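Take a look at the letters that make up each chain.
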Amino acid sequence: MLSQVLLVSAPGKVILHGEHAVVHGKVALAVALNLRTFLRLQPHSNGKVGLNLPNVGIKRAWDVARLQLLNMSFLEQGDIAEPTPETLEKLKEAADFPADCASHERPAVLAFLFLYLSICRKQRALPSLDITVWSELPTGAGLGSSAAYSVCLAAALLTLCEEILNPLKDGEATNRWTAEDLELINKWAFQGERVIHGNPSGVDNAVSTWGGVLRYQQGKISSLKRPPALKILLTNTKVPRSTKALVLGVRNRLLKELIDMNQHHLNALGVGHSSLDQLCQVTMAHGLHSKLTGAGGGGCGITLLRPDLEVPEVEAMKQALTGCGFDCWETSIGAPGISIHSAASLDTPVRQALDGL
């Protein structure tokens, strides 16, 4: 078992096209969003396993000795355990939730315990460690924050237990695992997603693992070669119970027209919202094109940012959207999937967030 600190990150995702048609067997395109979730795993010998999620105010710790006494036969289902109803009940007992535990806390904690116990149970003894996860992604926004969380947990725990090799060599800033190891990370992350969501499609964890652009149709996922580098603006309308999205930039006139057509079709399906119409009107006034992403009914939209767009124009549009009560992130799509980093390679705000500063 490794003894060094591990630092990993995974991207969020946005649906570029096909968010509702996909349930009718049509193609959806999902792309990795360059807003990332970061995880630090710190091994130690204090007999505790700790989980700290500062974005959502979760901080829990358990005695390793108590977890070691659990009858873990409910996890022994081949190479990769699956979260059955019995498993979830056993995990709830192990989690020992307080009576006032918030509803959003339970799935994140259960997914952690499931992956920790399932992956580490083959070790001679369960490891003592602290895990801190901090994200640039807003939660509950349809941007794949739970999948990025599960992918980071799976990658870090598999590397700790030497089920996969640490690809980061001395002096390197960042690196990624082999295709075979990424497959294993993705399979475990999918089980973590099942703990959180019940019956996920597998798209979110696949995008977070592999990065780039993925094509999804009738359960089959394939990676697109040479994805375009698109700059986008992600706008959150902050209408509750919906998906947050991206605003995107390109030179191609056809793509702009397709964006507009896609949005009109989604409105015809009844999944639009007045806030998304407002987003489209504001960006159209600046000569740009937007559409909802994800479930719709509010949430997020994506807007194309042309390569020739000047900074003052972008800032003026962001100011106009902020004036509508929306949140905006200027970012890009086609980001790399799960990666491992040296501490020196991380930006100062990320390091400070992981250190609790």
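Above this text sits the structure in question.
Being a predicted model, the structure only gives us computed values, none of them experimental.

Novice: I tried to follow the environment of L157 on my own but got confused; where do I start?
Specialist: One can find L157 in helix 4 (residues 145–160). What makes L157 buried here is its relative accessible area of 0%. In sequence terms L157 and C120 are 37 residues apart; their C-alpha atoms lie 7.4 Å from each other. If we skip the residues at most four places from it in the chain, L157 touches L41, L115, Y116, I119, C120, L129 and I131.

Novice: Could you clarify how one ought to interpret the pattern of salt bridges in this entry?
Specialist: Should the charged atoms of two oppositely charged side chains come close, the side chains can pair. Within this structure, the stated rule accounts for nine salt bridges. Two residues, R194 and E82, come together in a salt bridge whose shortest N-O distance is 3.5 Å. Residue R194 is found in helix 5 (residues 179–197), and its partner E82 is found in the loop between helix 1 (64–68) and helix 2 (85–95); the two are separated by 112 residues along the sequence. Given a relative accessible area of 24%, R194 falls into the partly exposed group. Residue R306 is joined to D308 by a salt bridge in which the shortest nitrogen-to-oxygen separation is 3.0 Å. The network of salt bridges with shared partners includes E315, K318 and E330.

Novice: Would you explain helix 5 in this entry?
Specialist: Each full turn of the α-helix corresponds to 3.6 residues, which orients residues three or four apart in the same direction. Under the 1.5 Å per step criterion, the end-to-end length of helix 5 is 26 Å for 19 residues, consistent within 8% with the ideal 27 Å. Within the sequence span of helix 5, burial applies to D181, L182, I185, N186, W188, A189, Q191, G192, E193 and V195. On the buried face of helix 5, the contacting elements are helix 2, helix 3 (105–120), helix 4 and helix 6 (203–210). Where helix 5 terminates, the next one or two residues include G198, which has phi positive at roughly 90°.

Novice: It is not clear to me how unusual backbone geometry should be interpreted in this structure. Could you clarify?
Specialist: Backbone phi values are negative for most residues with the exception of glycine, while trans is the configuration of most peptide bonds. Its identity is not glycine, yet D96 carries a phi of approximately 55°, on the positive side. Tracing the sequence through the fold places D96 in the loop between helix 2 and helix 3. Here D96 falls in the exposed class, since its relative accessible area comes to 51%. The residue E162 is not glycine, and still its phi comes out positive at about 60°. If you trace the backbone, E162 turns up in the loop between helix 4 and strand 6 (174–175).

Novice: Would you explain the side chain of S118 in this entry?
Specialist: Among the structural elements, S118 can be located in helix 3. Those residues in contact with S118, other than ones at most four positions away along the chain, are L75, A81, L113 and W188.

Scoring rules and cut-offs
Residues take numbers from 1 onward in each chain, read along the sequence in its written order. Per-residue local features of the predicted model are confined to residues with pLDDT of at least 70, and side-chain atom pairs are confined, for both listing and counting, to 80 or more; whole-chain, interface and lining totals are unaffected and use all residues. Side-chain metrics rest on all non-hydrogen atoms present in the structure, leaving aside hydrogens and water. We count a stretch as a helix when DSSP gives it H or I for four or more residues in a row; a strand needs E for two or more, and each element gets its number in order from the N terminus. The cut-offs for exposure are 20% and 50% of the maximum accessible area for each residue type, with area from a 1.4 Å probe on protein chains only; residues under the lower value are buried, those over the upper are exposed, and the others partly exposed. The contact definition used throughout considers only heavy atoms, calling two residues in contact when any of these lie within 4.5 Å. One speaks of a salt bridge when a side-chain nitrogen belonging to Lys or Arg is within 4 Å of a carboxyl oxygen belonging to Asp or Glu. Any helix carries an expected span of 1.5 Å times its number of residues minus one.

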